[in-house]
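# Structural features, examined
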Amino acid sequence: MTVNMTPRARGRAPRRRLGLFGTSVLGAAIGIAFLIPLWWTAINSLRPGAETFRYLNPLEWQTFLTLTPTFDNYVALAGSDLGRAILNSLFISLVTVIFGLAICATAAYGLAAFQFRGRGVLFSVVILSFLIPFDAIAIPLADMFRDWNLQNTFFGLILPGLGNGMAIFLLRTFFLAVPEDLVEAARLDGLGWWGVFWRIYLPLSVPSLIGAGLMLFLFQWQAYVWPLLMGTDRAHIVGPVALSNLQGQFAVDYGVLFAASVILILIPLVIILGFQRYFIQSVSTTGLK
Amino acid sequence: MTSRLSSGTGVAARTGTAARRPRRRSSPLLIALAFLAPALIALLVLRIAPAAVALWQSMFQSGLLSGDRFVGLSNYIDLFASPDFQGALGVTLLFTVLINPIQVAVSFLLAVLYTKRLAGAKIWRSLVILPIAVPPAVSAVMWSVIYRPDGLANAFLDLFGIPPQPFLTSPQQALVSIMVLLSWIGVGYWMMFLIAGINDVPRSYYEAASLDGASSWRQLWSITFPLVRRPLAFVLVADTVSNLLVFAPVQILTKGGPEGSTNLLMYDIFTRAYTLGDLNTAQAEVVILVLVTVLIVGVQFRLLKAED
Amino acid sequence: MKRSRAASVAAVAIGALFIAGCSAAADDSGSAEGTLQFLGTDDPATYAPVIDAFEASHPDITVEYTQVPFDQYSSTLQQRLGAGDDTIDVYGVDQPNLSQLAAQGFLEDLSDLEGEAKAATSEGQYEINLYDGKMWALSVWNSTQLMFYNRDALTAAGIESPTADPEARWTWEQIEEAGRAAQASGTQYGLVLEQIEAYYQLQPLAESLGGGSGIVGDEMLTADITNDAWIQAMDWYGETFASGLSPRGVGGFQTAPIFSDGDAAFFVGGPWDVGRMAADADFDWGIAPMPYFEGGDAVTPTGSWSWGINTASKNKDAAREFLEFAAFDAAGALSTAEATTIIPANTDAEAEYLPGLEELGGDRAAGVADLISFEVENTAVSRPTSVGYVQFEAEMNKAFADIRNGADAAERLEQAASQIEAAWDKL
């Protein structure tokens, strides 16, 4: 008897309909709840900074909506370093993703595709070493980089983001799921180990590669302490630092700060939303079982 | 059986009838190491070397007035004897034990929710994922506004007749408030990984189970949960690690207070190094944090160890 | 702070492969010409006027400014100066941190300029740059605190508003009473302090009662925050929150909007708030002197930024010219306050600046120029000069936050004292 993959029969008991409706409402409510803080921020970016805290309590419709939006805050950012900071951040993050994926994927392959004694130990050592918190070793690392004249260079900003223990872990998890007989057959065919990596493992692991790429990207995009330590002259300024620079010593114009935040959020947002489809769809081994 | 390979080797169709070519005799270990080489170099330069320096520095004291001197384990002893550090250690352990299971469970349940056929599932799902794109400084400001005594949270509670809560100004509520904040940021991110894992489970399993009369809940526990163990394990470990490194919301919102109730280790390290200027003791604390992390992750690995 | 070079030497061998430097090296020249690298925490627009004016009168020197976010400034300084970074020539020195930087050897000795410095500014602003018998920086900006009041709110409560006359200064007790009356007739809060948990803001409370700055001793490394005056001041402070006179849970930059949105009867803020209130407040407000405790002294906070020269700089002569321009030259000093609202430390520049500030505030700010001059000359008490100030302030601010949130003042101050002593032991 074959199993049809048909959508659920519509004529089912009303309880199921109600259940489906209930979960839809729940899903929507949760989504909206998560959106509220961002929405509030975006709305306040369209108001003058002086009005930011005017409509907090009690809740009024103005808390979440404004009938007189103004783009002054965004215009005020035009003269600031934010534009260059965003370009710098993008550049650094993208380069990190490309080279970082290369390093992490090859490492994950080395730890997944080969059987040798001590594999588990090596895996543990690699992962655990990358668990050393970056912010904590930032100072000695910054001193070392300074000795090598890497301060104020893009190279110095990119380098620490290249090895990411969690990305290796993620990729290895997926690599382990690649069926052995596939690899066997390829090897019998004369495919070298690099070929197996490039032609079998990588294509089968696109979702995990995207996931790992996302991790690498976000790590670099949010980096704040490291760029400061490496000396950010105006040519090398990055997004989070430019954002913090908007917080003056004596006052903060929250309208401008929020406008900058909205702009700074847009890019990872677009990337995440764009890639989540590919990431979430399974491109994996159902057909190969 | 269809092949999903786009490369032109046509491998899957073969069943090994081709002439066997002699296998190369290079040891798998050496080849594996070749692939691991770039990562190992990165590891050495970017983690091991500075960590060694940190370990070294943790055994010195270099005061403004007293100069550099070797003190051995004295910094560690001072740390363990200091009530502030003991508090930070306790807070961090409590935090770890609470937040990780909760976040993983919530991510899992949300992943289950959003893989059902809901109206607009993709949209709501995207909204939940959004917060990970927000820079820490900005999310801290957002939540400072939410948690103000006259802020959005109390305004919402007021709608339900609940009296205003102190949130970040209460030693009892502050840590939980931070946990909620971190969950808002991270849960969607982990949910993504779990959705990918859930989507891996073939629909046929569910169909078969439905035909057998199994309820949704039952299917969840007997089918979904066991089959997403690997992604769940990954999420648990990665989440634990990232939560042990939290400090931005603490730095911006509570500064470790009220009364040390949010004084997480990473924040304590940061202030010790940068504000108090006691770099050496901070490095000692780093070493301790790394050991704690390794220990916790090690335990998790052991518990979750699958057949590999 | 010295760093162990052992591991780095070994790593340099590997590092040689990685060198891809394009480090920003400062121009190398002996006498007063070249490019100066200037580091600070403000928006570049703030320093544009003084840099332009300086470059106009010193055509051989160019100044390049880099901003570092305020909350990371001192840690960034520590790291970069500690590593002997020569890409910083002139940098802003947060005045209370001066002794630490001087003791660490990060500031160039400027004692030969002492005579000029003394003549250029007030006594307090001259002395703040002294440590260990030498002078290490030049004061550029100064500050004080003012009390803003919501006249509409006070009138609605039937209370006569204070005036800007320092002789008719209100007491904290009077403020409290008037604040509560305002709350009774509809204003949300009675009192809000701008830097509500900061030592800068709260030092005067204890000083007014005679409790001293909290740091005593020949070395200025003994904590004295558990005397009766400190406890009394902190009890009063904690009580203002427990009773609802002041709000809990609202941080640094969100306090001024409480007043400008009309939700507080009294607000203690700085000169930078004058223009802000003029722009944002849509009710009738005024300015009065900062209060004191009944039976105690009138004390106001003071001090702001000095500029110093990095000992590792390769452009010290040019750096000196820049410093002298901003501190001694009246026009130069005035230009430092052109794009921001702050009081120049230079006395002549201050005299010229203040009337402009009063105009900025409009009618409601009448009398602010005289008031500020008075406070700077007569009631200003600087933060203590101590090598351990940074640690002291960090622990005090945490204590203030806890007291604000309900901790018992005496106990919490005891705890802070031992935390401070522990931190100082490591010096």
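Residues numbered from 1 in each chain as written. Chains lettered and ligands numbered in written order. Predicted model: local features only at pLDDT ≥ 70, side-chain atom pairs only at ≥ 80, totals over all residues.

For chain C, the count of helices and strands is 18 helices and 17 strands. For chain C, whose C-alpha radius of gyration is 23 Å, the value lies close to the compact-globule estimate of 22 Å for 427 residues. Principal axes of the C-alpha set define a box for chain C whose edges measure 75 × 50 × 40 Å. Within chain C, the fraction of its 427 residues that count as buried is 56%. Intrachain contacts of chain C at a sequence separation of at least 6 include 76% that bridge at least 24 residues. (Helix = DSSP H or I, 4+ residues; strand = E, 2+ residues; numbered from the N terminus. Rg over C-alpha atoms; globule rule 2.2 N^0.38 Å. Buried ≥ 20, exposed ≤ 12 C-beta atoms within 10 Å, placed from the backbone. Contact = placed C-beta atoms within 7 Å.)

Let's shift gears to the packing of helix α3 (residues 83-114) of chain B against helix α10 (residues 229-244) of chain B. Residues and elements named next belong to chain B. It is at 10 Å that the axes of α3 and α10 come closest, and there the two elements cross at 140 degrees. Classified by the interaxial angle, the pair formed by α3 and α10 is oblique. Regarding α3 and α10, the two cross each other, and that crossing is right-handed. On α10, the residues that touch T96, I99, N100, Q103, V104, S107 and F108 of α3 are L232, V235, L236, D239, T240, N243 and L244. Looking at the contact of α3 with α10 residue by residue, the classes come out as 7 nonpolar, 6 polar and 1 charged. (Axes fitted to C-alpha atoms, helices over the stretch in contact; angles between N-to-C directions. Parallel < 35°, antiparallel > 145°, perpendicular 65-115°, else oblique. Left-handed = near helix turned anticlockwise from the far one by under 90°. Nonpolar A, V, L, I, M, F, W, Y, C, P; charged D, E, K, R; others polar.)

Moving on to the pairing of strand β2 (residues 61-67) of chain C. Residue and element names in this part refer to chain C. Here 7 bridges tie strand β1 (residues 34-40) to β2, and the two strands are oriented parallel to one another. Along β2, the bridge assignment pairs L39 with T66. Traced from β1 through helix α2 (residues 44-57) to β2, the parallel crossover comes out right-handed. (Pairing = 2+ DSSP bridges. Right-handed = clockwise from strand over helix to strand, strands pointing away.)

Residues and elements named next belong to chain C. Sheet architecture is open: 5 strands sit in the order β2-β1-β3-β15-β6, paired in mixed fashion. The open sheet has two free edges, formed respectively by β2 and β6 (138-139), since each of these has just one partner strand. Across the sheet, helix α13 (residues 316-327) touches β1, β2, β3 (90-94), β6 and β15 (305-309), and the angle it forms with β15 is around 160 degrees.

The next thing to look at is the nonpolar core. One recurring pattern in soluble globular proteins is that nonpolar side chains are buried together. Judged by nonpolar contacts, the single largest core of 311 residues is most densely connected at C104(A) and L194(B). A total of 17 residues in this core trace back to one element, the largest contributor, which is helix α7 (residues 174-199) of chain B. Residues contacting C104(A), with those up to four places away along its chain left out, are N164(A), A167(A), I168(A), L171(A), A212(A) and A39(B). (Core = buried A, V, L, I, M, F, W, Y, C linked by C-beta atoms within 7 Å.)

Turning our eyes to something else, we now look at the packing of helix α2 (residues 74-81) of chain B against helix α13 (residues 279-304) of chain B. All names here are of chain B. Two numbers describe how α2 lies on α13: the axes approach to 9 Å, and their chain directions differ by 75 degrees. Our classification of the angle between α2 and α13 gives roughly perpendicular. From α2, N75, Y76, D78 and L79 reach across to α13, where they touch N280, T281, A284, E285 and I288. Across the contact of α2 with α13, the residue classes break down as 4 nonpolar, 3 polar and 2 charged.

For the rest of this paragraph, the subject is the interface of chain B and chain A. Counting residues at the interface gives 96 residues for chain B, matched by 86 residues for chain A. For the side of chain B that touches chain A, the leading source of residues is helix α1 (residues 28-57) of chain B, giving 19 residues. Per-class residue counts for the side of chain B that touches chain A are 69 nonpolar, 13 polar and 14 charged.

So, about the domain arrangement of chain C. Residues and elements named next belong to chain C. Each assigned domain of chain C is listed here: domain 1 (32-143 + 303-380) and domain 2 (146-301 + 384-425). On a C-alpha basis, the centroid separation for the pair domain 1 and domain 2 is 27 Å. With 26 residues of domain 1 in contact, the opposing surface of domain 2 contributes 22 residues. Mapped by element, the contributors of at least two residues to the side of domain 1 that touches domain 2 are α4 (98-103), α15 (347-361) and α16 (368-378). (Domains from an automatic or database assignment.)

In many analyses, interface size is given as the accessible surface area lost on bringing the parts together. Of the residues lining the interface, 36 residues belong to chain C; the matching set on chain A comes to 31 residues. Of all the elements in the fold, those that place two or more residues in the side of chain C that touches chain A are α1 (6-15), β2, α3 (73-82), α11 (256-260) and α12 (272-280) of chain C. When residues of the side of chain C that touches chain A are assigned to their parent elements, the largest contribution, 4 residues, is made by α1(C). Looking at the side of chain C that touches chain A residue by residue, the classes come out as 15 nonpolar, 14 polar and 7 charged.

Quick look at unusual backbone geometry now. Cis geometry is adopted by the peptide bond preceding P258(B), which originates at G257(B) and carries an omega value of -10 degrees. Among the structural elements, P258(B) can be located in the loop between α11 (248-254) and α12 (265-275). A positive phi angle, close to 65 degrees, is found at N149(A), a residue other than glycine. Looking at the secondary structure, you find N149(A) in the loop between α5 (134-147) and α6 (154-158). For N149(A), a count of 17 C-beta atoms within 10 Å gives the class partly exposed.

All names here are of chain B. Bridge count for strand β1 (residues 60-63) against strand β2 (residues 67-70) is 4 bridges, and the pairing is antiparallel. Bridging from a neighbouring strand, Q61 pairs with R69 of β2. With antiparallel pairing between neighbouring strands as the criterion, β1 and β2 make up a hairpin whose turn holds 3 residues.

We now examine helix α7 (residues 165-175) of chain A. With 11 of 11 residues buried, α7(A) is to be regarded as a mostly interior element. What α7(A) keeps buried is the set G165(A), M166(A), A167(A), I168(A), F169(A), L170(A), L171(A), R172(A), T173(A), F174(A) and F175(A). For α7(A), the elements touching its buried residues are α3 (82-112), α4 (119-130), α9 (193-204) and α10 (206-221) of chain A together with α1 and α10 of chain B.

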